[in-house]
Amino acid sequence: MSLYTDYLNEIETRKEQGLSPKPIDDGALLEELVAQIKDQNSEHRDDCLKFFIYNTLPGTTGAAGVKAAFLKDIILGKEEVAEISVEFAFELLSHMKGGPSVRVLLDLALGEDQEIAKQAADVLKTQVFLYEADTDRLEEAFKAGNPIAREILESYAEAEFFTKLPDIEEEIKVVTYIAGEGDISTDLLSPGNQAHSRSDRELHGKCMISEKAQQEIEALKLQHPDKRVMLVAEKGTMGVGSSRMSGVNNVALWTGKQASPYVPFVNYAPIVAGTNGISPIFLTTVGVTGGIGLDLKNWVKKTGEDGAPILNNDGNPILEQKYSVETGTVLTINTKTKKLYNEDGTKELVDVAGAFTPQKMEFMKAGGSYAIVFGKKLQTFACETLGIELKSAFAPSKEVSHEGQGLTAVEKIFNQNARGTTPGKVLHAGSDVRVKVNIVGSQDTTGLMTAQELEAMAATVLSPTVDGAYQSGCHTASVWDQKAQANTPRLMKFMNDFGLVTARDPKGKYHAMTDVIHKVLNDITVDDWAIIIGGDSHTRMSKGVAFGADSGTVALALATGEASMPIPESVKVTFKGKMADHMDFRDVVHATQLQMLEQHGDNVFQGRIIEVHIGTLLADQAFTFTDWTAEMKAKASICISNDETLIESLELAKHRIQIMIDKGMEHENGMLHRLIGLADKRIAEIHSGEKPALAPDDNAKYFAEVVVDLDKINEPMIADPDVNNADVSKRYTHDTIRPISYYKAEKKVDLGFVGSCMVHKGDIKIVAQMLKNLEKANGKVEFKAPLVVAAPTYNIIDEMKEEGDWEILQRYSGFEFDDFMPKSKARTEYENILYLERPGCNLCMGNQEKAAKGDTVLATSTRLFQGRVVEDSPEKKGESLLASTPVVVLSAVLGRTPTLEEYKEAVEGIDLTKFAPPLEIPGTTRSVHF
């Protein structure tokens, strides 16, 4: 009873927090509950029975195994529980999703008791989460002449598990709730500083938006019991910043439907909307849960008689409202006409056909995309086993092919990795494609959710078709607090057992590597034709094409080695001119955003692939561009590299992978050694001319083209959250790019941060070189604001120590991380000194370390959302401005933004990250850092 006693104590603690008993996943605990259920005299029997029925997690959890076994005994008459009839036991098994429950159902269906076998078969016909061990049993029984096995297979061949589900409603009445004005970051729906609780869905749900908002949503539900609450981003895009499955889970928890009466706090089918639609990666996550994402277009640009937009005094287009979505507005979604109407359906407001493609409607009908993925595989298996023609029950994948039209880079990658498409057919943008995934990354603040998803879909081992898979520890690297100590080792063990290389060794043999996940994935991506899926929006590699994804899509990629998505359109980015000597490549990145908006007016990057022709930059430096494309609202990005540069990048990747091997990180499945072999193979293909570096066809078709003029970049630029803009929708976007002269050297800087995935070795070297220069000029360096430096990887620190650059950083540091005595508490106050923090995300993540409330932070990172890096104080809004490394360092020394002259003087003679268009000789254009 010790575990149950602990559980009761935990229940009392949670009750004080206003929480229900935590759902049970521990098999040993459930065994204690089963013992109490069997004991008719136990005072705990009634409670234990309720926990067993209504509070046990399904899938492959230890508890699910115990529950399935006990239900099997009840069905076979070995145990008798008055409250659980044989019929009810079968119903409970039907809600357990797979793994041990499917094994039990197969035992019963293929058993000798024909009445039980028939009941078990009827339940199995509704299940889709079957794996090879399960389908092998069915196939073997069928070949042995088992009639029940044939009956099940015939049902699967007809996809009755899908076709017999109820169709989605023709009309869905919704009542609006405006979650915010302007772009809504997923941080509002699932704050980064609450990442530790994401796997505890009820607890995490309490952090969505605000307690007031939650009360208002509940009030709307009471006022409109027959309607669904639709969460709206007014005058903005919903779900920018990251995929954040926890954000969708929270929205579903408050506004969606319960997935099963026997599984608590797992809801699905949320409805979200935005004036400018839904962020692409967030929309994918909505699809995972069978939800609906609408592009409202309720505000449009006001135009003059000439058709051109009318601008206000700030040069921004004036918006006018087409229709209101004010909180409490009742609207009608018609899924047949695929339009949004007013309450009584008499007035059409907007066409929402994009939300109701055949594939998305299948997700809605099935309760999520997983069921469709597994259902397609199951139907195919059944038809092949029965030897009959496959007549797919699912909507045919849309195949778009334009004769005579060349392929963009992403179209080439998707065509090479496509699965199940028409043989010989060349596919262009707009096609729906199932693709092989080469590299998968799971990060630590979403990893526990990914583990839960894997358990829920009954997956137990990494797909053998995945080339490389990695579980990071970077998002919880800063502070080894009690939450991290409880969650991280458990996550690492689960993922290592599943087949991933892990940042921390569950056996404790190798040193923890808290390197930023994107940097590691960039290194283990050893093919420019690869497809990468990662549990973070900044999964943007400089080799291959990478997609940031929710924890569920990551789980699906790990379990199946596949992902499904449309081939996105591409925007081609090329460069002309020459970088000024005093400019850093980060300014080229900012200039791309700025010049794109100048050239096109609207953000043509949103939802598309940025194909950037940047071939003379090695992978580490090119990553600075691809990383930023997440903030440009692009779906992904692709670097077009020349042969020589790609080979050097692959050699560097091999070196980094070998370091991982030398540290003892190789998995028993030999993954890292295989990756080195794949890199060698790719290098040989390039050398021989058999398969040169990826490049688009000359006659490829692009949605738009952007030409960045390097000659126009004369001074460093800052991405400004513009927190006091009178137009709320213009705050906290990445579209406000300003030259440093805008601030007239008067902008006070309270803290500088050099770190995150946006920096590479060259950036940390720049910090050292600037300190040397300033020391030489002034005798010593005095900081008027704190400077926090967090190298993204340990390799960088090791190399800088070897090259003698780390010494000056140590000399000026008032704090240097110590892996043997990691911080157990987050820093709350900063002195005007240099802090050398542990490799990892640090301030950029916002879940552990933060700047002081109300600070103005100048950072090299990517996040400028409200409350992420710095929270507001009662007196002042916190600001997270983004700039290049030299600007950040100099601003921390000065305590303010510099003049252009001060900046030029400070960087004179320093090796900044340089770039020249690929037409120039590659050997003369690389940064000296490599």
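**Q** Break down the overall build of the chain for me, citing the residues and quoting the values.
**A** A count of helical and extended segments in the chain gives 31 helices and 33 strands. The C-alpha atoms of the chain give 28 Å as radius of gyration, which agrees with the globular expectation for 930 residues (30 Å, within 12%). For the chain, the spread of C-alpha atoms along the three principal axes comes to 90 × 65 × 65 Å. Considering the chain as a whole, with its 930 residues, one finds that 62% of them fall into the buried category. Considering only contacts in the chain between residues 6 or more positions apart, those separated by 24 or more positions represent 73%. Total accessible area on the chain stands at roughly 35,400 Å², and carbon and sulfur atoms take up 49% of it. Charge separation in the chain, taken as the distance between the mean sites of 100 positive and 136 negative side-chain charges, equals 2 Å.

**Q** How would you sum up the pairing of strand 15 (residues 432-436)? Please name residues and give values.
**A** Most of strand 15 sits out of view: four of its five residues are buried. Bridge analysis of strand 14 (residues 418-419) against strand 15 gives two bridges, and the strand direction is antiparallel. Looking at strand 15, one finds that Arg419 is bridged to Arg434.

**Q** Describe in detail the sheet that holds strand 11 (residues 330-334), supporting the description with residues and values.
**A** Taken in spatial order, the seven strands of this open sheet run 8-7-3-1-11-12-13, and their pairing is mixed. Both outer strands of the open sheet, strand 8 (292-295) and strand 13 (348-351), are each paired with one neighbouring strand and no more. Going across the sheet, the axis of each strand differs from the next one's by a mean of 30°, ignoring polarity. The pairing of strand 12 (residues 339-341) with strand 13 spans three bridges and is classified as antiparallel. Counterpart to Tyr341 in the pairing with strand 13 is Glu348.

**Q** Mind laying out the pattern of salt bridges, listing which residues take part and the relevant values?
**A** Once their charged atoms are close, side chains differing in charge can pair, the charge on each being opposite to the other. Across all of its chains, the model carries 60 salt bridges by this definition. For Arg608, the salt bridge is made with Glu569, and the minimal N-O distance between the two is 3.1 Å. You can see Arg608 sitting in the loop between helix 23 (585-600) and strand 23 (609-613) and its partner Glu569 sitting in the loop between strand 21 (562-566) and strand 22 (570-576), a full 39 residues away along the chain. Asp805 is the salt-bridge partner of Lys772, the closest N and O atoms lying 3.0 Å from each other. Taken together, the residues span a long stretch of sequence, with Lys772 in helix 27 (residues 761-778) and Asp805 in the loop between helix 28 (794-803) and helix 29 (806-812) at a distance of 33 residues. Of the residues examined, Lys772 reaches a relative accessible area of 34% and is grouped as partly exposed. Each of Lys761, Lys765, Lys772, Glu799, Glu803 and Asp805 takes part in a single network of salt bridges with overlapping partners.

**Q** Describe in detail the sheet that holds strand 19 (residues 531-534), supporting the description with residues and values.
**A** Reading across from one edge, 18-17-16-19-20 is the order of the five strands in this open sheet, with parallel pairing throughout. Sheet topology places strand 18 (501-502) and strand 20 (545-548) at the edges, where each strand pairs with a single neighbour. Sheet analysis places strand 16 (residues 439-442) next to strand 17 (residues 468-471), joined by four bridges and oriented parallel. Of the residues in strand 17, the one forming a bridge with Gly441 is Tyr470. The strands that helix 22 (residues 551-560) touches are strand 16, strand 17 and strand 19; relative to strand 16, the one it contacts most, it runs at about 135°. In the packing of helix 26 (residues 671-688) onto the sheet, the strands contacted are strand 16, strand 17 and strand 18, and the crossing angle to strand 17 comes to about 130°.

**Q** How would you sum up the side chain of Thr450? Please name residues and give values.
**A** Residue placement: Thr450 occurs in helix 19 (residues 444-456). Residue class for Thr450 comes out buried when judged on its relative accessible area of 1%. Beyond its immediate sequence surroundings of up to four residues, Thr450 is in contact with Ser442, Met495, Ser551, Val554, Ala555 and Leu558.

**Q** Before we move on, can you summarise the environment of Glu43 with the specific residues and values?
**A** Inspection of the secondary structure assignment puts Glu43 in the loop between helix 2 (27-38) and helix 3 (45-54). Taking relative accessible area as the criterion, Glu43 reaches 72% and is therefore assigned exposed.

**Q** Break down the nonpolar core for me, citing the residues and quoting the values.
**A** Ile84, Phe414, Met457, Tyr470, Val545, Leu787 and Leu809 are the most contacted members of the largest nonpolar core, which totals 197 residues. For this core, the element with the highest residue contribution is helix 17 (residues 369-386), accounting for 10 residues. Contact partners of Ile84, with chain neighbours within four places excluded, come to Leu49, Phe52, Ile53, Leu71, Ile74, Ala89 and Leu92.

**Q** Hey, could you go over the confidence of the model for the chain for me, with residue numbers and the actual values?
**A** Chain-level statistics for the chain give a pLDDT mean of 93 and a share of 98% at 70 or above. The model gives residues 920-930 a pLDDT under 50, and that stretch makes 33 contacts with residues more than four places away or in other chains.

**Q** Would you mind going over the packing of aromatic side chains in detail, with residue names and values included?
**A** On inspection of all chains with the given rule, the structure shows 16 aromatic pairs. Both rings, one in Phe585 and one in Phe915, keep their centres 5.8 Å apart while their planes meet at 65°; by these two values the pair is edge-to-face. Here Phe915 lies in the segment after helix 31 (900-907) and Phe585 lies in helix 23, a separation of 330 residues in the sequence. By relative accessible area, which is 3% here, Phe915 ends up buried.

**Q** Report on the packing of helix 16 (residues 358-366) against helix 17, specifying residues and quantitative values.
**A** Put simply, helix 16 and helix 17 touch, their axes get as near as 7 Å, and they point 100° apart. Taken together, the axis directions place helix 16 and helix 17 in an arrangement best described as roughly perpendicular. Contacts from Glu362, Phe363 and Ala366 of helix 16 reach helix 17 at Ser369, Ala371 and Ile372. Its residues assigned to classes, the contact of helix 16 with helix 17 shows four nonpolar, one polar and one charged.

**Q** Please set out unusual backbone geometry residue by residue, giving values where relevant.
**A** The backbone phi angle of Lys97 is positive, close to 75°, even though this residue is not glycine. Position of Lys97 relative to the elements: it lies in the loop between helix 5 (86-94) and helix 6 (100-109). Judged by relative accessible area, Lys97 falls into the partly exposed class, the value being 35%. Residues other than glycine seldom take positive phi values, yet Asp722 does so here, at roughly 50°. Inspection of the secondary structure puts Asp722 in the loop between strand 26 (717-719) and strand 27 (737-739).

**Q** Could you give an account of helix 2, naming the residues involved and the relevant values?
**A** The terminal C-alpha atoms of helix 2 lie 16 Å apart, and with 12 residues this matches the ideal 16 Å at 1.5 Å per residue to within 8%. Among the residues making up helix 2, those that are buried are Gly27, Leu29, Leu30, Glu32, Leu33, Val34, Gln36 and Ile37. Buried residues along helix 2 sit in contact with helix 1 (2-16), helix 3 and helix 4 (62-75). The backbone nitrogen of Ala28 has a side-chain oxygen 3.2 Å away, supplied by the residue at the start of helix 2, namely Asp26.

**Q** Go over the environment of Ser85 with me, naming the residues and quoting the values.
**A** Within the secondary structure, Ser85 sits in the loop between helix 4 and helix 5. The class for Ser85 is partly exposed, based on a relative accessible area of 33%.

**Q** An account of helix 17 is needed here, citing residue identities and associated values.
**A** A rise of 1.5 Å per residue sets the reference length of helix 17, with its 18 residues, at 26 Å; its end C-alpha atoms lie 26 Å apart and thus fit the reference within 8%. With 14 of 18 residues buried, helix 17 is to be regarded as a mostly interior element. After helix 17 finishes, the residue Gly387 shows a positive phi value of roughly 70°.

**Q** Tell me about the environment of Arg434, and name the residues and values.
**A** Checked against the element boundaries, Arg434 lands in strand 15. A relative accessible area of 32% places Arg434 in the partly exposed class. Among all residues touching Arg434, those that are not within four sequence positions of it are Asn417, Ala418, Arg419, Gly420, Glu562, Ala563 and Ser564.

**Q** Describe in detail the state of the cysteines, supporting the description with residues and values.
**A** Per the counting criterion, the structure on display carries zero disulfides. Free cysteine Cys844: the closest other cysteine sulfur is in Cys757, separated by 5.8 Å. A residue is classified by how much of its surface remains accessible, and Cys844, at 8% relative accessible area, is buried.

**Q** I'd like to hear about the packing of helix 4 against helix 5, residue by residue, with values.
**A** Two measures define how a pair of helices packs: the angle their axes make with one another and the distance between the axes. Viewed as axis vectors pointing N to C, helix 4 and helix 5 meet at an angle of 155°, and their least axial separation amounts to 9 Å. Taken as axis vectors, helix 4 and helix 5 run roughly antiparallel relative to one another. Note that helix 4 runs across helix 5; the crossing there is left-handed. Counted together, Lys67, Ala68, Leu71, Ile74 and Ile75 of helix 4 and Val86, Ala89, Phe90, Leu92 and Leu93 of helix 5 form the full contact between these two elements. Of the residues belonging to the contact of helix 4 with helix 5, the class tally is nine nonpolar, no polar and one charged.

**Q** Report on the pairing of strand 22, specifying residues and quantitative values.
**A** Successive residues of a regular strand alternate their side chains across the two faces of the sheet. Relative to strand 23, strand 22 runs parallel, the two sharing four bridges. By the bridge assignment, Val573 is partnered in strand 23 with Val612. For the handedness criterion, the β-α-β arrangement of strand 22, helix 23 and strand 23 is classed as right-handed. With six bridges connecting them, strand 22 and strand 25 (residues 704-709) associate as parallel partners. Paired with Lys572 across the two strands is Glu705, which belongs to strand 25.

Rules used in this analysis
- Residues numbered from 1 in each chain as written.
- Predicted model: local features only at pLDDT ≥ 70, side-chain atom pairs only at ≥ 80, totals over all residues.
- Heavy atoms only, no water.
- Helix = DSSP H or I, 4+ residues; strand = E, 2+ residues; numbered from the N terminus.
- Rg over C-alpha atoms; globule rule 2.2 N^0.38 Å.
- Buried < 20%, exposed > 50% of the residue type's maximum accessible area, 1.4 Å probe, protein only.
- Contact = heavy atoms within 4.5 Å.
- Areas by Shrake-Rupley, 256 points an atom, 1.4 Å probe, with all protein chains shown as cover.
- Lys, Arg positive; Asp, Glu negative; His and termini not counted.
- Charge placed at Lys NZ, Arg CZ, Asp CG, Glu CD.
- Pairing = 2+ DSSP bridges.
- Axes fitted to C-alpha atoms, helices over the stretch in contact; angles between N-to-C directions.
- Salt bridge = Lys/Arg side-chain N within 4 Å of Asp/Glu carboxyl O.
- Core = buried A, V, L, I, M, F, W, Y, C linked by side-chain atoms within 4.5 Å.
- pLDDT = per-residue confidence, 0-100.
- Phe/Tyr/Trp six-rings, centres within 6.5 Å; stacked < 30°, edge-to-face > 60°.
- Parallel < 35°, antiparallel > 145°, perpendicular 65-115°, else oblique.
- Nonpolar A, V, L, I, M, F, W, Y, C, P; charged D, E, K, R; others polar.
- Expected span 1.5 Å × (residues − 1).
- Polar contact = N/O pair within 3.5 Å; in protein donor to acceptor, adjacent residues only side chain to side chain.
- Disulfide = S-S within 2.5 Å.
- Left-handed = near helix turned anticlockwise from the far one by under 90°.
- Right-handed = clockwise from strand over helix to strand, strands pointing away.

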